[in-house]
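Residue-level structure breakdown
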Amino acid sequence: QVQLAESGGGLVQPGGSLRLSCVVTKFASGYHSIAWFRQAPGKEREGVSCISSSDGTLDGTTYYADSAKGRFTISRDNAKNTVYLQMNSLKPEDTAVYYCASKRGVCPMQLHRRYIDNWGQGTLVTVSL
C-alpha cells in the first residue's frame, strides 16, 4: 500500500548535521503519518519523530522523542511526496540505522513498532571523528 525509500545517511563529526529524506509512494486511498525510527547494534528499534500527513485530520502535528527534541526537526514537502528529518548537533550516541516508516491515521502519542504498516530499508548514520 505504501512504498518508502529513505536516503541521506553518512559519516559526520560530532556537532555536525545531516538531513534524511523519505520518498513516499502511495498505492491505496487513505492518509498516512510518517515516522522515523532508529536502531543501533544490539538494541531495540526506537521511535525518533513523527509527522501527520497533509490529508490527515491533524495535519502538521509532530512528535519528538526526548533524545531528539531541540536537535531534530521533521518536515514534509507535499509536492515532492517527501518527508525530511533534519538532525543538528549530532552526538556519537546518535549512530544507528535510521528507518522511515508509515502508519494509517495520525501520529500516535507514543511511537511503537506495533503501529507501523510499512518500513523503508534504512540508511546508516555514523557520528564519529
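What counts as what
Residues numbered from 1 in each chain as written. Predicted model: local features only at pLDDT ≥ 70, side-chain atom pairs only at ≥ 80, totals over all residues. Heavy atoms only, no water. Core = buried A, V, L, I, M, F, W, Y, C linked by side-chain atoms within 4.5 Å. Buried < 20%, exposed > 50% of the residue type's maximum accessible area, 1.4 Å probe, protein only. Helix = DSSP H or I, 4+ residues; strand = E, 2+ residues; numbered from the N terminus. Contact = heavy atoms within 4.5 Å. Pairing = 2+ DSSP bridges. Axes fitted to C-alpha atoms, helices over the stretch in contact; angles between N-to-C directions. Phe/Tyr/Trp six-rings, centres within 6.5 Å; stacked < 30°, edge-to-face > 60°. Lys NZ or Arg CZ within 6 Å of the ring centre and 35° of its normal.

So, about the nonpolar core. Ile34, Trp36, Phe72, Leu85, Met87 and Tyr98 are the most contacted members of the largest nonpolar core, which totals 25 residues. For this core, the secondary-structure elements that each account for two or more residues are strand 1 (2-7), strand 3 (18-26), strand 4 (32-39), strand 5 (46-51), strand 7 (72-77), strand 8 (82-87), strand 9 (96-104) and strand 11 (123-127). If you tally residues by element for this core, the top one is strand 3, at four residues. Filtering out sequence-adjacent residues up to four positions away, tyrosine 98 remains in contact with Glu6, Leu20, Trp36, Phe37, Arg38, Val48, Phe72, Leu85, Met87, Gly122, Thr123 and Val125. Within the second largest apolar cluster, seven residues are counted, among which are Phe37, Cys50, Cys107 and Leu111.

This next bit is on unusual backbone geometry. Backbone geometry places asparagine 81, a non-glycine residue, at a positive phi of 50°. Phi is positive for serine 89, which is not a glycine, with a value near 50°. By the secondary structure assignment, serine 89 is in the loop between strand 8 and strand 9.

Read across the open sheet, the four strands follow the order 1-3-8-7; overall the sheet is antiparallel. If you trace the sheet from one side to the other, it starts and ends with strand 1 and strand 7, each paired once. Strand-to-strand twist in this sheet, taken as the mean axis angle between neighbours without regard to direction, amounts to 20°. Summarising the sheet, strand 7 and strand 8 pair through six bridges and their orientation is antiparallel. From the neighbouring strand, aspartate 77 faces strand 8, where its bridge partner is threonine 82.

What follows concerns the packing of aromatic side chains. A ring pair, where both rings are aromatic, is described by two values, the distance of the centres and the angle of the planes. Enumeration according to the criterion identifies two aromatic pairs in this entry. Ring centres of phenylalanine 37 and tryptophan 119 lie 5.0 Å apart, and the angle between their planes is 70°; this geometry places the pair in the edge-to-face category. Note that phenylalanine 37 is positioned in strand 4 and tryptophan 119 in strand 10 (residues 118-119), a separation of 82 residues in sequence. The exposure class of phenylalanine 37 is buried, given its relative accessible area of 0%. Take tryptophan 119: its relative accessible area is 29%, and that puts it in the partly exposed class. Aromatic pair tyrosine 99 and tryptophan 119: ring centres 6.3 Å apart, planes at 85°, arrangement edge-to-face. Taken as a pair, tyrosine 99 in strand 9 and tryptophan 119 in strand 10 lie far apart in primary sequence, 20 residues in all. Members of the aromatic cluster, joined through ring pairs, are Phe37, Tyr99 and Trp119. Seen from the ring of tryptophan 119, arginine 45 lies directly overhead, with NZ or CZ sitting 4.6 Å from the centre.

Geometric descriptors of this kind do not, in isolation, establish any biological role.
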